[in-house]
Amino acid sequence: MKLFRLFSITAIVAVGLVFSLSNCKREKEIIVVNVHDTLKGKDITGLCIYPDYTNAMVPAKGAALLLYSGSSATGSAVASAFSDSLGNYSFKYLLPGTYFVTATYNTDNVNYKDFLHGINFVFDGVVITMGSSNITQNITLATVAAPGVLKIALDTIIAGPSYRLVTLESHSKASWEGNWAYGTTTNLPSLGMQGGFNVFKFTKFDFDEANPANIVINAYVQTSSINTFEPVRDALAGGCVRKTLNVDTMMVGTVVTPLPETDTIRFYANAGEVVRYGKGYLAHGHMKGFYKHPYGQTGIGGSGASDFLPADTSYMQANDGIPYGTTIDKPVDMYFEYISKNKKWSGTNYNWMFVFEGKFVIDIRNSFYIKTGSLRDIITVTPHVNMMGTTNREY
């Protein structure tokens, strides 16, 4: 009798458990859309391109594409693809139906970026009606959505109702990096060299976020302030810096000093030379520098043979037809972005901070006639600029 009662109780519990589970709240149903048929499906293929600095259309190598079911980019993508080394992509074995394709491209192929890593381009999407034949759909990536309306300037003349006045914040810097070379022929990319300049200044910066043609940039570094984190190498007296960068130096007593009149390399872009590009702007600017005075020239910075120290012909340009005392001014394209606007507090006072990041490359050997046994031709320069607004003023 006890055994029968125990069995009955167990049965009732089991039935109750089943009943309870059958009345549990149903989990959200996951719908998987199948759009592929490896036997009868057809392909969407095409070429991804984007504009380079000259506005020529070139392959977007490694562009990321998403395929959605329907006529818009809603819900989850049903397929993804990357363009190959020639810019070609494909979505294979698709069933008949309506699809929507979007694409993004970063020139450094970086999907996440904190600051400036590559240039972003987008393709907002196109509706494709798939039937029983393969379809070709080429994609032209373009600049990202239009920016805001910030207008700031270092120039007190134009700062006013339209442009708000800013100053260059002290943490701004201009960094560079390149590959170390042994002699002039061997490239050792694993042994990179990098550094910056302790003196980095702006003489003009007018920024109009919505109208890039109004943007004006004029900035410079002091050549002798180079910092490669090696004090012996950076020293004007006995170091490589005056040889590598052709810094004009003179002897004042027993101290070697740079010649102030020529100790600068300047980047500038005039009004009308900046265009919207990628997520930011492309400045079709210029690099301007001074090619060293000859040793022994008089009347500049002093007199006599002690004015300019002897050149080292293993570092100096010897037979390229560039005369001493020449100003070199050549075109250089710089991409830059307006990264962020943040409020910085100090007690009850605040300042708005505006962050910009830029990047450009220069051929120091062939374009700017710097002959060195330490660096290869191409140097990448990355300005990081903080502009600070007036204390307790809204921007």
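None of these values were measured; they are calculated from a predicted model.

S.K.: Would you take a moment to explain the overall build of the chain for this structure?
M.R.: The secondary structure content of the chain amounts to three helices and 24 strands. Taking all 395 residues of the chain together, the buried fraction comes to 39%. Considering only contacts within the chain whose residues lie at least 6 apart along the sequence, 64% involve residues at least 24 apart.

S.K.: Sorry if this is basic, but what is going on with the layout of surface pockets here?
M.R.: One simple way to see leftover space: roll a probe sized like a water molecule over the atoms. Size it by volume and the largest pocket reaches roughly 370 Å³. Within the residue set of the lining of the largest pocket, elements represented by two or more residues are strand E12 (173-182), strand E13 (186-197), strand E14 (200-208) and strand E24 (375-389). The element best represented in the lining of the largest pocket is E12, accounting for five residues. Of the residues in the lining of the largest pocket, the class split is six nonpolar, 10 polar and five charged. Approximately 300 Å³ is the volume attributed to the second largest pocket. Lining the second largest pocket are 15 residues; nearest its centre among them are Tyr53, Thr107, Ile119, Tyr335 and Lys359. For the lining of the second largest pocket, a count of residues per class yields nine nonpolar, two polar and four charged.

S.K.: In this structure, what is going on with the pairing of strand E17 (residues 249-252)? I would like to understand it.
M.R.: A regular strand carries its side chains on alternate faces of the sheet. With four bridges connecting them, E17 and strand E18 (residues 255-258) associate as antiparallel partners. Paired with Met251 across the strands is Val256, a residue of E18.

S.K.: Teacher, can you tell me more about the side chain of Glu337 here?
M.R.: Inspection of the secondary structure assignment puts Glu337 in strand E22 (residues 327-346). Among the polar contacts made by the side chain of Glu337, one reaches the side chain of Tyr335 at a distance of 2.7 Å.

S.K.: How should empty space enclosed by the protein be read in this particular structure?
M.R.: Per the stated rule, a full pass over the model turns up two cavities of 30 Å³ or more. Roughly 840 Å³ of internal volume is contained in the largest cavity. Along its surface, the largest cavity is lined by 50 residues, and Phe197, Val221, Ile265, Met287 and Ile362 are the ones closest to its centre. Among the residues forming the lining of the largest cavity, the class breakdown is 35 nonpolar, nine polar and six charged.

S.K.: How do you make sense of the packing of aromatic side chains when you look at a structure like this?
M.R.: Given two aromatic rings, one states the distance between the centres and the angle between the planes to describe the pair. For the structure on display, the rule yields 18 aromatic pairs. On the basis of an interplanar angle of 55° and a centroid distance of 5.1 Å, the ring pair of Trp345 and Tyr350 is categorised as tilted. A residue is classified by how much of its surface remains accessible, and Tyr350, at 11% relative accessible area, is buried. One aromatic cluster is present, built from ring pairs that chain together Phe200, Phe202, Phe205, Phe207, Tyr281, Phe336, Tyr338 and Phe356. Lying over the aromatic face of Tyr395, Arg164 brings its terminal NZ or CZ to 5.8 Å of the ring centre. Positioned above the aromatic ring of Trp352, the side-chain terminus of Lys341 is 4.5 Å from the ring centre.

S.K.: Help me out: how do you make sense of the nonpolar core in this one?
M.R.: Looking at soluble globular proteins, one finds that nonpolar side chains tend to be buried together. Ile152, Phe207, Phe336, Phe354, Phe356 and Met387 are the most contacted members of the largest nonpolar core, which has 49 residues in total. The element that contributes the greatest number of residues to this core is strand E23 (residues 349-363), accounting for six residues. In this structure, Phe354 is in contact with Leu150, Ile152, Val166, Tyr338, Ser340, Lys341, Val385, Asn386, Met387, Gly389 and Tyr395, ignoring residues within four places of it in sequence. Membership of the second largest hydrophobic core comes to 29 residues, among which are Cys48, Phe91, Tyr105 and Leu282.

S.K.: What am I meant to see in the pattern of salt bridges here?
M.R.: Opposite charge on two side chains permits them to pair, given that their charged atoms come into close proximity. Across all of its chains, the model carries three salt bridges by this definition. The partner of Asp43 in a salt bridge is Lys92, and the shortest N-O contact between them spans 3.7 Å. Here the residue Asp43 occupies a position in strand E1 (residues 42-51), and Lys92 occupies one in strand E5 (residues 88-94), the gap between them amounting to 49 residues. Note on Lys92: relative accessible area 40%, which makes it partly exposed.

S.K.: Please clarify how the environment of Val127 should be interpreted in this entry.
M.R.: The topology assignment puts Val127 in strand E7 (residues 120-130). As for Val127 and Ser71, which are separated by 56 residues in sequence, their C-alpha atoms are 5.5 Å apart.

S.K.: Mind showing me how you'd approach the side chain of Asp234 here?
M.R.: Tracing the backbone through its elements, the reader meets Asp234 in helix H2 (residues 231-234). Look at Asp234: it is buried, it has no salt bridge, and the nearest opposite charge is Arg233 at 4.5 Å. Polar side-chain contacts of Asp234 include one of 2.6 Å to the side chain of Thr228.

S.K.: What is the right way to read unusual backbone geometry from this model?
M.R.: Note on backbone geometry: most residues besides glycine have negative phi, and most peptide bonds are trans. A positive phi angle is found at Asn55, which is not glycine, with a value near 75°. If you check the backbone angles, Phe229 has positive phi at about 70° while not being a glycine. Position of Phe229 relative to the elements: it lies in the loop between strand E16 (226-227) and H2.

S.K.: Please explain the environment of Gly118 as it appears in this structure.
M.R.: As for its position among the elements, Gly118 is in the loop between strand E6 (97-106) and E7. Gly118 sits in the buried class, given a relative accessible area of 7%. The sequence separation of Gly118 and Thr107 amounts to 11 residues, and the corresponding C-alpha distance is 4.9 Å. For Gly118, the contacting residues outside a window of four places in its chain are Asn106, Thr107, Asp108, Tyr335 and Glu337.

What counts, and where the lines are drawn
Residues numbered from 1 in each chain as written. Predicted model: local features only at pLDDT ≥ 70, side-chain atom pairs only at ≥ 80, totals over all residues. Heavy atoms only, no water. Helix = DSSP H or I, 4+ residues; strand = E, 2+ residues; numbered from the N terminus. Buried < 20%, exposed > 50% of the residue type's maximum accessible area, 1.4 Å probe, protein only. Contact = heavy atoms within 4.5 Å. 1 Å grid on protein atoms, 1.4 Å probe; cavity = no way out; pocket = protein on both sides within 12 Å on 5 of 7 lines; lining within 4 Å. Points joined across faces, edges and corners; volume = space filled by probe spheres on them. Nonpolar A, V, L, I, M, F, W, Y, C, P; charged D, E, K, R; others polar. Pairing = 2+ DSSP bridges. Polar contact = N/O pair within 3.5 Å; in protein donor to acceptor, adjacent residues only side chain to side chain. Phe/Tyr/Trp six-rings, centres within 6.5 Å; stacked < 30°, edge-to-face > 60°. Lys NZ or Arg CZ within 6 Å of the ring centre and 35° of its normal. Core = buried A, V, L, I, M, F, W, Y, C linked by side-chain atoms within 4.5 Å. Salt bridge = Lys/Arg side-chain N within 4 Å of Asp/Glu carboxyl O. Lys, Arg positive; Asp, Glu negative; His and termini not counted.

Geometry only, nothing functional implied.
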